[in-house]
Amino acid sequence: QSTASAWSSVPAERLRQSIEMLTVDPHLCRSVPLTTVMRNCGALWGTSIGTASTYELSEAADFFDTFISHNWTVGRFKKWCTLAFHFNFGAASITMVLVCMLASALTALGFLPTARNASGFILGLTSRAVAAPVFFFTLFFGRSITRLFGARSPGVFLDKACIHQEDKDIQREGILKLSAFLGRSNEMLVVY
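Being a predicted model, the structure only gives us computed values, none of them experimental.

Each value, and the rule that gives it
Residues numbered from 1 in each chain as written. Predicted model: local features only at pLDDT ≥ 70, side-chain atom pairs only at ≥ 80, totals over all residues. Heavy atoms only, no water. Phe/Tyr/Trp six-rings, centres within 6.5 Å; stacked < 30°, edge-to-face > 60°. Helix = DSSP H or I, 4+ residues; strand = E, 2+ residues; numbered from the N terminus. Buried < 20%, exposed > 50% of the residue type's maximum accessible area, 1.4 Å probe, protein only. Pairing = 2+ DSSP bridges. Contact = heavy atoms within 4.5 Å. Axes fitted to C-alpha atoms, helices over the stretch in contact; angles between N-to-C directions.

### What about the packing of aromatic side chains?
Now for step 1: Within the structure shown, the criterion is met by 13 aromatic pairs.
Now for step 2: Between F64 and F157, the ring centres sit 5.4 Å apart and the planes meet at 80 degrees, which makes this aromatic pair edge-to-face. Placement of the pair is F64 in strand β3 (residues 64-70) and F157 in strand β6 (residues 155-157), with a sequence separation of 93 residues.
Now for step 3: According to the relative accessible area criterion, F157 is buried, its value standing at 1%.
Now for step 4: With 5.8 Å between their ring centres and 80 degrees between their planes, F89 and F135 make a pair best called edge-to-face. Remark: F135 occurs in helix α6 (residues 126-148) and F89 occurs in helix α5 (residues 76-108); sequence separation between them is 46 residues.

Right under this line is the structure:
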């Protein structure tokens, strides 16, 4: 069966409804920077109640880097950790390895302290001391630091900030366009 005949078998009204469902008015399509969502250990996740100021955290957008699907029964800390691991694990791992390599090189050159173990082997201390702190600092705060230097933060869809929570007409329009928002997203992250 040809593509043309397959399309002709779809009722025109159903096709119109499908296209309308995926069409988004520019005033409805809004994203919030990931750094805003993660700020203050995920404070935005603290309560499900949204306000006009919560909505103002978002800005007009043509697409989303990530559509975040979640429920309010999962606590703020777990969501914050999930986002940190999803978005920052690679950068945290690379940063830790590079810092440890630098510390090892500086130790080998005699610039950093060493110790001897019971067998008499010389051990570098700095790499061991900095590995975990560097990893976790980068994991949880790396994006905020790079944003200070002008790096772009991924734009995410988070219902509380991207759908107006006080204007019920705009809220209803936004809820009806969730599938369109998902269609404009590069990925979907499910946080449950």
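There is more to say after this.
### Regarding the sheet that holds β6
Now for step 1: Sheet architecture is open: five strands sit in the order β2-β1-β6-β3-β7, paired in mixed fashion. Single-partner strands in this sheet number two, and they are β2 (59-60) and β7 (185-191).
Now for step 2: Pairing analysis gives six bridges linking β3 to β7, with the strands arranged parallel. Residue pairing for β7: F64 is matched across the bridge by S185.
Now for step 3: Contacts between helix α3 (residues 34-42) and the sheet are confined to β1 (30-33) and β6, with β1 contributing the most and set at about 40 degrees to the helix.

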